[in-house]
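Take a look at the letters that make up each chain.
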Amino acid sequence: MEKPDIHVIEHLVSRICHDLISPVGAIQNGLELLDDMGPEGFEDARDLLNHSASQAAGRLKTFRMAFGAGGRDPNIGMSDVYKNFADYLPEGGRLQQRWDPMDVSMTVGDMPPGAPKLALCALLIAAECLPKGGIVGIIAADDRTLHIQADGPTLMVPDTLQQAMRGTLPADAHDAKLITALITALSAQSLDIRLELQPEKPDALLVMHLPR
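The text that follows walks through the structure, step by step, so that each part is easy to find.

The subject of this paragraph is unusual backbone geometry. The phi dihedral of Asp192 is positive, around 60°, even though this residue is not glycine. Within the element layout of this structure, Asp192 appears in the loop between helix H7 (179-191) and strand S4 (194-197). The class for Asp192 is exposed, based on a relative accessible area of 58%.

The next point concerns helix H1 (residues 6-37). Along its 32 residues, H1 runs 45 Å from first to last C-alpha, staying within 8% of the 46 Å computed at 1.5 Å per residue. Along its length, H1 shows its largest kink, about 35°, at Ile21, and proline Pro23 lies within four residues downstream of that point. Taken as a whole, H1 has its buried residues at Val8, Leu12, Arg15, Asp19, Leu20, Pro23, Ala26 and Gly30.

Turning next to the side chain of Thr62. Here Thr62 lies in helix H2 (residues 42-67). In this structure Thr62 comes out as buried when scored by relative accessible area, which is 0%. Apart from residues lying up to four places away in sequence, Thr62 is in contact with Asn84, Phe85, Tyr88, Leu120 and Leu124.

Turning to the nonpolar core, a few remarks are in order. Soluble globular proteins: nonpolar side chains tend toward being buried together. Residues Phe85, Ile138, Leu146, Ile148 and Met208 are the most contacted members of the largest nonpolar core, which totals 53 residues. In terms of residue count, helix H5 (residues 115-128) provides more of this core than any other element does, 11 residues in total. Residues contacting Leu146, with those up to four places away along its chain left out, are Val104, Val108, Met111, Ile138, Ile139, Ala140, Leu206, Val207 and Met208.

For the pair H2 and helix H3 (residues 78-88), the least separation of the axes is 7 Å and the interaxial angle reads 140°. Regarding the angle of H2 to H3, the classification is oblique. Of the two possible hands of crossing, H2 and H3 adopt the one that is left-handed. Residue-level inspection shows Gly58, Arg59, Lys61, Thr62, Phe63 and Met65 of H2 in contact with H3, the latter providing Asp80, Val81, Lys83, Asn84, Phe85, Asp87 and Tyr88. Taken together, the residues that form the contact of H2 with H3 break down as 5 nonpolar, 3 polar and 5 charged.

We now examine the packing of aromatic side chains. For the structure on display, the rule yields 4 aromatic pairs. On the numbers, 6.1 Å between centres and 70° between planes, the contact of Phe63 with Tyr88 is edge-to-face. Taken as a pair, Phe63 in helix H2 and Tyr88 in helix H3 lie far apart in primary sequence, 25 residues in all. With respect to burial, Phe63 and Tyr88 carry one shared label: buried.

A cluster of nonpolar residues, Ile6, Ile9 and Val13, forms a patch on the protein surface that exposes about 250 Å² of accessible area. With respect to the secondary-structure elements, Ile6 resides in helix H1.

With that settled, the discussion passes to the pattern of salt bridges. Counted according to the given criterion, the structure contains 6 salt bridges. Among the salt bridges present, the one from Asp19 reaches Arg15, with a minimum N-O distance of 3.5 Å. With Asp19 and Arg15 both in helix H1, this residue pair falls 4 residues apart, about one helical turn. With a shortest N-O distance of 2.5 Å, Glu128 and Arg15 are connected by a salt bridge. With Glu128 in helix H5 and Arg15 in helix H1, this pair connects stretches of sequence that are 113 residues apart.

Moving on, we get to the environment of Ala119. Here Ala119 is to be found in helix H5. Placed 42 residues apart in sequence, Ala119 and Leu161 show a C-alpha to C-alpha distance of 17 Å. Excluding anything up to four places from it in sequence, Ala119 contacts Met78, Val81, Ile138 and Met208.

What follows is about the pairing of S4. Judged by which residues are buried, S4 turns out to be one-sided: Leu195 and Leu197 face inward and are buried, whereas Arg194 and Glu196, on the alternate face, are not. Taken together, the 4 bridges between S4 and strand S5 (residues 206-209) define a ladder with antiparallel strand orientation. Looking at S5, one finds that Leu197 is bridged to Leu206.

Here is what the cut-offs are and how they apply
Residues numbered from 1 in each chain as written. Predicted model: local features only at pLDDT ≥ 70, side-chain atom pairs only at ≥ 80, totals over all residues. Heavy atoms only, no water. Helix = DSSP H or I, 4+ residues; strand = E, 2+ residues; numbered from the N terminus. Buried < 20%, exposed > 50% of the residue type's maximum accessible area, 1.4 Å probe, protein only. Expected span 1.5 Å × (residues − 1). Bend = angle between axes of the 7 residues up to and from the residue. Contact = heavy atoms within 4.5 Å. Core = buried A, V, L, I, M, F, W, Y, C linked by side-chain atoms within 4.5 Å. Axes fitted to C-alpha atoms, helices over the stretch in contact; angles between N-to-C directions. Parallel < 35°, antiparallel > 145°, perpendicular 65-115°, else oblique. Left-handed = near helix turned anticlockwise from the far one by under 90°. Nonpolar A, V, L, I, M, F, W, Y, C, P; charged D, E, K, R; others polar. Phe/Tyr/Trp six-rings, centres within 6.5 Å; stacked < 30°, edge-to-face > 60°. Patch = residues over 30% accessible without salt bridge, like charges linked within 9 Å, V, L, I, M, F, W, Y side chains within 5 Å. Areas by Shrake-Rupley, 256 points an atom, 1.4 Å probe, with all protein chains shown as cover. Salt bridge = Lys/Arg side-chain N within 4 Å of Asp/Glu carboxyl O. Pairing = 2+ DSSP bridges.

Read these as layout, nothing more, since geometry by itself doesn't imply function.
Below, the structure written as structure tokens:
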């Protein structure tokens, strides 16, 4: 049995914890505000708690689908991808998604189990390439090809990201910023789905080829 790369596991845990520290910490701040101000601070504390709890729950649901085994459930579809990613994105933030999951589902038809999971991972990668915000989305080029799009004022695609997607990144170059790409590449391989990072293409940052 091949030994798992412990660095990949460690960086995945680091990535999840990093994304959860902020909303969980805000929940703690809300509770402290309630303790310090009593009934007078109830409204402010409640708003902070509701917002932070919703943000933490949204990120957890996204991570469970993108990185967990449950994402391979054949009952999961593109509408679930859209909803999970919507819950993941900060409300009113600079990054938005703009695409029609129903149109994608109708064009593709019978989508193999695990493909929506991989599409969600691809959206996360696209989001990470837009540090100043922008718009991400998915369109179906044909019944077996999905284009994951990213458009914004700054599109950053480092060479290390391409290496991570191709599985050629040296072990000592792994870090939490690249873990989504590493996990996505491993998932694509296990699902027999080809996912290509193509930053030079004007209409797609990533191209996802589904098996026939």
